[in-house]
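Each chain, written out:
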Amino acid sequence: MGKKKAKSRKIQEHQPPVESAADLSGNSARINSLIGNKLIVAIFLFLISFLVFIPSLSNDFVWDDVSYIKAKASVLDFSHISPELFVSEVKKQGDASKYFRPIYQVSLILDNEIWDTSAFGFHLTSIILHSISTVLLYFLALLLLSEFKVKGRGVIALMSCILFALYPLHVESVSFISARGDILAAIFFFLSLIFYILSYKRLFYLLPAGICFLLSFLSKEIAIVLPILILGFDLISRRFVSRTNLIKYTILGLIALFYFYVRSKSYLAIGELVGQMGSAISQGFAQILEISLNAYLYYIVKLVFPYNLNPFIDVTLEGGLLRLIISIILILVLCTAAIISVKKKENITAFSILWILATLVPAAVVTILPLAITKLADRFLYIPSAGICILFAYLLYELGKRFTIKWVSFALTAVLALSFAVVTVDAQKIWKNNLTLWEYAVEQSPNALGAKINYADALRGTGRYSEALKFYLEVQSNSSELTERAKITTIQGIVISSIDIGNYQNAEKWLDVGLNYNKKYLAQYYYMKGFISLRKNDEESAETYLLQSIETKRNPNSFYLLGGIYFIKGEKEKSLDNYKQAEQYLSEALKINPRLSRADVLLAKTYLALGDKHKAKVHAQSALRHADSPDVVNEAKSILQMK
């Protein structure tokens, strides 16, 4: 009896206290309650999506941001939000754009109205849009997992969106303002799918689904694959055979036709884009298929291992039987996994694979069609990454179940998310400014001539003229691989860099080379000859060349330099006639480009010389608003401070 009591006491000593078990149960219940609270999860996801991209707020405008946002700020105002933004009445022959993205354009206009040309404000908007996109994916994932009757859907949806929020390949889409179209398209893409799934509960939701489908199209062309996902969802969820679906597909089809009709009115239609393929079509079907399959292999590997970031990818997708075989095997394996998933009625794996394969179609098309500067880009993976993040989260959750230890899936997700976050935060340094961007791009793609041209531009912009000239000449030595436009850009870089270091003879030599390449370069040729003459203090020759330049094309810079010549003459000769001539030329320059701040400053000085302080201060104020250099700011302020 005594032994039994002693044994009983030992057992009780090794059992955890009742309070501790209750505490553990209570903690688990609280965690489940938090995960189940959709509002709290949504706020949490918004915050981590925002916080991880805070470093981008200190970044400058880079690459296309400079030419499409900063340089064109004068046309980014509310007056340009009109029906003409969505469709012009007449398409100018040979001047139609490949891109039809009015929603993206509206976002830039709104930013410019709020922030003017502050890069901080534009970056803030992009980060907020990414955070909204993450939250919408969370609600979409919940719906999909619910429709496919997946257990633990709250946890899986949360895990997938944490990965999406921190995903390294999103750095380009978020930190590169000009890539914002991918985020905007994703927002409406996710919303359209959400409303479409809800339309099975209430048909009314088909209306916002269709509107969001159109808005996604008007943000970026990737929305073209949305009907594939919708059909895939209906097939996988066994809802395809339905009379109501016939109405739904008809409505979505009409929206797509409307989009293509509107686009064809003022932008390049799909048929015209195909007509521009030229060499791509001549490659033949077999080669096009090979390039597309290899593009799939490249992108799927990048999605699975998203750590190797490159802003200017220079990868050859042609050649290599082994790579082609691996590409085919990979696609077959994924398709087989999807079929098995459907047969087992597990479904979410099948839909995730469909999502990845379908949304990669536009990215694969870009490798064939002349649609982008780079045939491959990290930004093309913003929407496809949603599929891989859902698949990752589901597989990690299932792995945790296999171990019968719930925290295993959380631990693995945390490790993966942390690795994503470290790379994402660090990669934003690449997009700090043009110099950091192109220095990194050249390191990653040492044979990419386009990256070297941009790096040379960045070097020249920071006063490193000799280094810039070295890179321009290196690119020019491979001129046989350059397009006509790239040749002219490179030659212009050589000319300007030569002028910067005072080698005018070399500059004039390369000006002649450029004119031999393309006679359309004539206006720029005369402008540069005039500029060189001014640097040589030969004002008479400069005036002759600049007048020839504006006869060929009304270049605001030529008018500005002519205004400068007559302002200097006015200063030397104290002649009102010369000041008035300077006023005329500078006014013409500002008519063509109202944001030419240096012309505003010089015109302000001209009005001071003419005795009109009021007009001088008006133009000084205008120069201050559009100032693009510290010198302009200082001169404008000194004029405004005059009594």
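We now turn to the structure provided with this report. Remember, predicted model here, so these are calculated numbers, not experimental data.

**Here's the deal with the overall build of the chain**
Here is step 1: Along the chain, the regular secondary structure elements total 33 helices and 0 strands.
Here is step 2: By residue count, 50% of the 643 residues in the chain fall in the buried class.
Here is step 3: Considering only intrachain contacts with a sequence separation of at least 6, the fraction spanning at least 24 residues in the chain is 71%.

**Some remarks on the packing of helix α10 (residues 180-198) against helix α12 (residues 226-236)**
Here is step 1: Two numbers describe how α10 lies on α12: the axes approach to 11 Å, and their chain directions differ by 30°. By the angle class used here, α10 and α12 are roughly parallel. As for the relative orientation of α10 and α12, their crossing is right-handed in sense. Side by side, α10 and α12 meet where Phe189, Ser192, Leu193, Tyr196 and Ile197 of the first sit next to Leu226, Leu229, Ile230, Phe233 and Asp234 of the second.
Here is step 2: Per-class residue counts for the contact of α10 with α12 are 8 nonpolar, 1 polar and 1 charged.

**Some words on the side chain of Ser327**
Here is step 1: Structurally, Ser327 is set in helix α17 (residues 321-343).
Here is step 2: For Ser327, a relative accessible area of 1% translates into the label buried.
Here is step 3: With near-sequence residues (within four places) excluded, Ser327 lies in contact with Leu293, Asn294 and Leu297.

**Some thoughts on a nonpolar patch on the surface**
Here is step 1: A surface patch of nonpolar side chains, about 470 Å² in accessible area, is lined by Leu39, Ile43, Leu47, Leu51 and Ile54.
Here is step 2: For Ile54, the location among the structural elements is in the loop between α3 (38-51) and α4 (64-70).
Here is step 3: Using a relative accessible area of 36% as the deciding quantity, one classes Ile54 as partly exposed.

**Looking at the pattern of salt bridges**
Here is step 1: Under the counting rule described, the total for this entry stands at 20 salt bridges.
Here is step 2: The partner of Glu474 in a salt bridge is Lys452, with the nearest N and O atoms 2.5 Å apart. You can see Glu474 sitting in helix α24 (residues 465-476) and its partner Lys452 sitting in helix α23 (residues 449-461), a full 22 residues away along the chain.
Here is step 3: For Glu474, a relative accessible area of 30% corresponds to the partly exposed category.
Here is step 4: On the accessibility criterion, Lys452 (10% relative accessible area) is buried.
Here is step 5: Between Glu635 and Lys605 there is a salt bridge, with its nearest N and O atoms 2.3 Å apart. Placement of Glu635 in helix α33 (residues 630-640) and of Lys605 in helix α31 (residues 597-609) is noted, with a sequence separation of 30 residues between them.

**Some words on unusual backbone geometry**
Here is step 1: In this model, Asn347 sits at a positive phi of 70°, which is unusual for a non-glycine residue.
Here is step 2: With respect to the secondary-structure elements, Asn347 resides in the loop between α17 and α18 (348-359).
Here is step 3: When its relative accessible area of 7% is taken as the criterion, Asn347 is described as buried.
Here is step 4: One non-glycine residue, Lys574, lies in the positive phi region at around 50°.
Here is step 5: Mapped onto the elements, Lys574 comes out in the loop between α29 (556-573) and α30 (576-592).

**What to know about the nonpolar core**
Here is step 1: Counting 198 residues, the largest nonpolar core has Leu140, Phe189, Phe190, Trp355 and Trp438 as its most contacted members.
Here is step 2: Not counting chain neighbours up to four residues away, the residues in contact with Phe189 comprise Ser216, Ile222, Ala223, Val225, Leu226, Leu229, Trp355, Thr359 and Ile383.

**A look at α18**
Here is step 1: In this model, α18 (12 residues) spans 16 Å end to end at C-alpha, consistent with the 16 Å of a helix rising 1.5 Å per residue.
Here is step 2: A large share of α18 lies buried, amounting to 11 of its 12 residues.

**Some words on the packing of aromatic side chains**
Here is step 1: Tallying each qualifying case throughout the model produces 35 aromatic pairs.
Here is step 2: A ring pair is formed by Phe164 and Tyr382, whose centres lie 5.3 Å apart and whose planes are at 70°; its orientation type is edge-to-face. In this pair, Phe164 sits in helix α8 (residues 153-166) while Tyr382 sits in the loop between α19 (361-366) and α20 (384-402), placing the two residues 218 residues apart along the sequence.
Here is step 3: The class of Phe164 is buried, set by a relative accessible area of 0%.
Here is step 4: Judged by its relative accessible area of 0%, Tyr382 is buried.
Here is step 5: Linked through ring pairs, Phe148, Phe164, Phe189, Phe190, Phe233, Phe351, Trp355 and Tyr382 together constitute an aromatic cluster.
Here is step 6: Note that Arg239 overlies the ring of Tyr200, its terminal NZ or CZ placed 4.5 Å from the centroid.
Here is step 7: The side chain of Lys248 reaches across the aromatic face of Tyr200, ending 3.4 Å from its centre.

**Thoughts on helix α22 (residues 434-444)**
Here is step 1: All of the buried residues in α22 are Leu435, Leu437, Trp438, Ala441 and Val442. The arc that holds every buried residue of α22, seen down its axis, measures 160°, which confines them to one face.
Here is step 2: Lining the buried residues of α22 we find α23.
Here is step 3: By the N-cap criterion, in which a side-chain oxygen at the helix start approaches the backbone nitrogen of a residue two or three places on, α22 is capped by Asn433, the distance to Leu435 being 3.1 Å.

**Describing the packing of α22 against α23**
Here is step 1: Two elements in contact, α22 and α23, have axes separated by 8 Å at closest approach and are oriented at 145°. Seen from above, α22 lies across α23 with left-handed handedness. Contact residues: α22 offers Asn434, Leu435, Trp438, Glu439, Ala441 and Val442, while α23 offers Ala451, Lys452, Asn454, Tyr455, Ala458 and Leu459.
Here is step 2: Split into classes, the residues belonging to the contact of α22 with α23 amount to 8 nonpolar, 2 polar and 2 charged.

**Overview of the state of the cysteines**
Here is step 1: Tallied over the full model, the rule gives 0 disulfides.
Here is step 2: As a non-bridged cysteine, Cys389 has Cys161 as the owner of its nearest cysteine sulfur, 8.1 Å distant.

Reading guide: rules and limits
Within any chain, residue numbers begin from 1 and follow the written order of that chain's sequence. Residue-level local features of this predicted model are given only where pLDDT is at least 70; pairs of side-chain atoms are given and counted only at 80 or more, and the full residue set underlies all totals for whole chains, interfaces and linings. Values shown for side chains rest on all heavy atoms present in the structure; no hydrogens or waters enter the calculation. Runs of E in the DSSP output that reach at least two residues are strands. Runs of H or I that reach at least four are helices, and both are numbered from the N terminus. Whether a residue is buried, partly exposed or exposed follows from its accessible area with a 1.4 Å probe, protein chains only, as a fraction of its type maximum: under 20%, in between, or over 50%, in that order. Contacts: residue pairs with any heavy atoms within 4.5 Å of one another. Simply put, an axis is a line fit to the C-alpha atoms, just over the touching stretch for a helix, and the angle between two N-to-C directions goes from 0 to 180 degrees. In these notes the angle categories are as follows: under 35 degrees is roughly parallel, over 145 is roughly antiparallel, 65 to 115 is roughly perpendicular, and the rest is oblique. By convention the crossing between two helices is left-handed if the near helix lies anticlockwise of the far one by an angle smaller than a right angle, and right-handed if it lies clockwise. Charged means Asp, Glu, Lys or Arg here, nonpolar means Ala, Val, Leu, Ile, Met, Phe, Trp, Tyr, Cys or Pro, and polar covers whatever is left, Gly included. Without a salt bridge and with relative accessible area above 30%, a residue can belong to a patch; like charges are then joined within 9 Å and nonpolar side chains (Val, Leu, Ile, Met, Phe, Trp, Tyr) within 5 Å. Surface exposure here means Shrake-Rupley accessible area, sampled with a 1.4 Å probe, where a residue is shielded only by the protein chains that are shown. Any Lys or Arg side-chain nitrogen located within 4 Å of an Asp or Glu carboxyl oxygen qualifies as a salt bridge. Note on terminology: a nonpolar core comprises buried Ala, Val, Leu, Ile, Met, Phe, Trp, Tyr and Cys residues joined through side-chain atoms within 4.5 Å. What a helix is expected to span follows from its residue count: subtract one and scale by 1.5 Å. Pairing of aromatic rings covers Phe, Tyr and Trp, the last through its six-membered ring, and needs centres within 6.5 Å; plane angles under 30 degrees mean stacked, over 60 mean edge-to-face, and all others mean tilted. Placement of a charge over a ring requires the Lys NZ or Arg CZ to be within 6 Å of the ring centre, with the centre-to-atom vector within 35 degrees of the ring normal. What the arc describes is the spread of directions from the helix axis to the C-beta atoms. The definition of a polar contact used here is a pair of N or O atoms within 3.5 Å, where within protein one atom must be able to donate a hydrogen and the other to accept one, and adjacent residues in sequence count solely through side-chain atom pairs. Sulfur atoms of two cysteines make up a disulfide when they are within 2.5 Å.

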